[in-house]
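Secondary and tertiary structure notes
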Amino acid sequence: LNVTQLSEDWSGRLELDNKFLTFSPNSEEKTVRVMCGGDWYYELEEGIDWCSVRQSGNVLYVTVDRNIDEDRIAKLYVRYGDIVRELLICQDKPIVEFKGGVDVDARGGEIDVEIGANVMWSAKSGANWISVKDSDNYSRDSLLQLSIMPNVSTLSRSAQLQIFFADDVTLIALSVQAS
């Protein structure tokens, strides 16, 4: 809502159109509208270096830096006289999830592995019998497409796929049965 569009009297009142902002691990900007009957100001909690706020009219623009570590929380205070409204700013940590391993029969072939993520990621295999298709810059929740060469040995074989995200890596165990 724009303050000029409000039909009721806002003198002595202060409201925010949102009390919580949740951000992904990526660098992002979101807005909060301030509805007030007078001059107001804002303060970001001290010691917060990953979040910045700027004002344009009755709108606050909240920007967060890319998060490569843990969940982050900050408080923004909007003040009008003795009235204080608090805005909670939350930013998720980067997550790439895969549960379990991948078992492939001796024939190998094309397989899809479902990856759940809230960040961009890429994949790499150290084994010469595994090809990762389009290994760079998967977008969040995606299918990782693998091409597995047949195992002609009487022994099973295994390898680990590396999934790179933020400044971290997670491993997926992959095994191929013996012939």
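Described below are features of the structure shown in this document.

Reading the values: rules and limits
- Residues numbered from 1 in each chain as written.
- Predicted model: local features only at pLDDT ≥ 70, side-chain atom pairs only at ≥ 80, totals over all residues.
- Heavy atoms only, no water.
- Pairing = 2+ DSSP bridges.
- Helix = DSSP H or I, 4+ residues; strand = E, 2+ residues; numbered from the N terminus.
- Phe/Tyr/Trp six-rings, centres within 6.5 Å; stacked < 30°, edge-to-face > 60°.
- Lys NZ or Arg CZ within 6 Å of the ring centre and 35° of its normal.
- Salt bridge = Lys/Arg side-chain N within 4 Å of Asp/Glu carboxyl O.
- Buried < 20%, exposed > 50% of the residue type's maximum accessible area, 1.4 Å probe, protein only.
- Contact = heavy atoms within 4.5 Å.
- Axes fitted to C-alpha atoms, helices over the stretch in contact; angles between N-to-C directions.

Quick look at the pairing of strand β11 (residues 109–117) now. Pairing analysis gives two bridges linking strand β9 (residues 96–97) to β11, with the strands arranged antiparallel. Residue pairing in the sheet places Glu-97 in a bridge with Gly-116 of β11. Note that β11 and strand β14 (residues 142–148) share seven bridges and pair antiparallel. Counted as the bridge partner of Ile-115 is Ser-142 from β14.

Looking now at the packing of aromatic side chains. Summed over the entire model, instances satisfying the criterion amount to zero aromatic pairs. In this structure, Lys-30 packs its charged tip against the face of Phe-23, placed 5.0 Å from the ring centre. The aromatic ring of Tyr-61 is capped on one face by Arg-54, whose charged end is 4.2 Å from the ring centroid.

Before going further, it helps to spend a moment on the pattern of salt bridges. What the rule picks out here adds up to six salt bridges. For Glu-15, the salt bridge is made with Arg-85, and the minimal N-O distance between the two is 3.3 Å. A residue pair is termed long-range when its members are at least 10 positions apart, and Glu-15 in strand β1 (residues 14–16) and Arg-85 in strand β8 (residues 83–91) qualify at 70 residues. Residue classification places Glu-15 among the partly exposed residues on the basis of a relative accessible area of 27%. Between Glu-110 and Lys-133 there is a salt bridge; the shortest N-O distance is 2.6 Å.

For the rest of this paragraph, the subject is the environment of Val-132. The topology assignment puts Val-132 in strand β13 (residues 130–132). Along the sequence, Val-132 and Gln-145 sit 13 residues apart, while their C-alpha atoms lie 6.2 Å from each other. Dropping the residues within four chain positions of it, Val-132 is found in contact with Ala-123, Lys-124, Ser-125, Leu-144, Gln-145, Leu-146 and Leu-161.

As a further point, take the sheet that holds strand β3 (residues 28–36). Pairing is antiparallel in the open sheet, where four strands are placed in the order β1-β3-β6-β5. Looking at strand neighbours, the two that pair on one side only are β1 and β5 (51–56), the edges of this open sheet. Geometrically, the sheet is characterised by an average inter-axis angle of 25° between neighbouring strands, direction not taken into account. As paired strands, β1 and β3 are joined by three bridges and run antiparallel to one another. Across the sheet, Leu-14 pairs through a bridge with Cys-36, a residue of β3.

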